[in-house]
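# What the coordinates show
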Amino acid sequence: LSVAEDLGTRAVVLAPGPDLEVAAVDIPERATAGQLVEIAYTVVNAGAGPTSALTPVWDDLVYLSRDRFLDLDSDRFLFTARHTGAVDAAGTYSVSRTVRLPRDLIGPFFVIAVTDPVRRTPRGAVFEGLAELDNATASAAPLIIELPPPSDLQVTDIAIPTAARSGDTVEISWKVRNVAPAP
């Protein structure tokens, strides 16, 4: 806050505030369910002022979504990245993480990163004034999550006794081999 004096009166003026926004989300074009992928994003302070030194810590969250719109209740959560430190006006920071994709999702999914999300209160940890709700950005194109290639298990050897009588204990063994290129 700044105080301006005008003929004996004082006006309290709100200092220029920060506006945290996810500027870009970088993902691969395709990946296999259960595979490790790298997800990177950049956050920019698009506001006229820095984030407060009083609130130097906030979380970024990353989700998979069928559409470009973040729904904290139904989109699939991937990871949290904690940010520590003030960000000046026009300042940025970047995060890159390698994460394992869920095994139960197949098809196109947008990756959405949200910085300092509004969760249980009407604003995030960083006071952004009227700019509290522009903190999420989806990837430009969806990540295509594909089924892994199938394996092809075949019994290659069977060993049985050459003779046995009814009621005898016998040992039977076999070997199984995957003849497909996929594990």
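Refer to the structure printed above.
One structure accompanies this document, and this report is about it. (Residues numbered from 1 in each chain as written. Predicted model: local features only at pLDDT ≥ 70, side-chain atom pairs only at ≥ 80, totals over all residues. Heavy atoms only, no water.)

Time to look at the overall build of the chain. Looking only at helices and strands, the chain has 0 helices and 13 strands in total. Moving toward the C terminus, one meets the helices and strands of the chain in the order β-β-β-β-β-β-β-β-β-β-β-β-β. For 183 residues, the compact-globule formula gives about 16 Å, and the C-alpha radius of gyration of the chain, at 27 Å, lies well above that figure. For the chain, the C-alpha atoms occupy an extent of roughly 115 × 35 × 25 Å along the three principal directions. A fraction of 68% describes how many contacts in the chain between residues 6 or more apart in sequence connect residues 24 or more apart. By element, 55% of the accessible surface of the chain is carried by carbon and sulfur atoms, the whole surface being about 11,600 Å². (Helix = DSSP H or I, 4+ residues; strand = E, 2+ residues; numbered from the N terminus. Rg over C-alpha atoms; globule rule 2.2 N^0.38 Å. Contact = heavy atoms within 4.5 Å. Areas by Shrake-Rupley, 256 points an atom, 1.4 Å probe, with all protein chains shown as cover.)

With that settled, the discussion passes to the pairing of strand β6 (residues 57-65). Counting buried residues along β6, 8 of its 9 residues qualify, which places the element largely inside the surrounding structure. Sheet topology places β6 next to strand β7 (residues 76-84); 8 bridges connect them, and they run antiparallel. Paired with D59 across the strands is R82, a residue of β7. As defined by bridge partners, β6 adjoins strand β9 (residues 107-115) across 6 bridges and the pair is classed as antiparallel. Bridge pairing in β9 links V62 to A113. (Buried < 20%, exposed > 50% of the residue type's maximum accessible area, 1.4 Å probe, protein only. Pairing = 2+ DSSP bridges.)

Let us look at the sheet that holds strand β3 (residues 20-26). With respect to topology, 3 strands assemble into an open sheet ordered β3-β5-β8, the strand pairing being antiparallel. The open sheet is flanked by β3 and β8 (92-100), the only strands paired with a single partner. Here the strands of the sheet are splayed against their neighbours by 25° on average, with no regard to which way each runs. Sheet analysis places β3 next to strand β5 (residues 36-45), joined by 6 bridges and oriented antiparallel. Opposite A24, over in β5, you have T42 as the bridge partner. (Axes fitted to C-alpha atoms, helices over the stretch in contact; angles between N-to-C directions.)

A few words now on the nonpolar core. With 27 residues, the main nonpolar core has I39, Y41, V62, L64, F79, L101 and I145 as its most contacted residues. If you list the elements that add at least two residues to this core, you get β3, β5, β6, β7, β8, β9 and β11 (143-146). Counting residues per element, this core draws most heavily on β5, which supplies 4 residues. (Core = buried A, V, L, I, M, F, W, Y, C linked by side-chain atoms within 4.5 Å.)

A few words now on the pattern of salt bridges. Applying the stated criterion across every chain yields a total of 4 salt bridges. The shortest N-O distance in the salt bridge between R119 and D59 comes to 3.4 Å. Here R119 is found in the loop between β9 and β10 (136-138), whereas its partner D59 is found in strand β6, with 60 residues between them in sequence. Judged by relative accessible area, which is 41%, R119 ranks as partly exposed. Residue D59 is classed as buried on the basis of its relative accessible area of 13%. (Salt bridge = Lys/Arg side-chain N within 4 Å of Asp/Glu carboxyl O.)

With that settled, consider the layout of surface pockets. In this model, the largest pocket occupies a volume close to 310 Å³. Around the largest pocket, the lining comprises 17 residues; the ones closest to its centre are P16, G17, P18, S52 and F127. Of the residues assigned to the lining of the largest pocket, the class counts are 10 nonpolar, 5 polar and 2 charged. Empty space within the second largest pocket amounts to approximately 190 Å³. L70, V114, L133, N135 and A136 are, among the 15 residues lining the second largest pocket, the residues nearest its centre. Across the lining of the second largest pocket, the residue classes tally to 9 nonpolar, 2 polar and 4 charged. (1 Å grid on protein atoms, 1.4 Å probe; cavity = no way out; pocket = protein on both sides within 12 Å on 5 of 7 lines; lining within 4 Å. Points joined across faces, edges and corners; volume = space filled by probe spheres on them. Nonpolar A, V, L, I, M, F, W, Y, C, P; charged D, E, K, R; others polar.)

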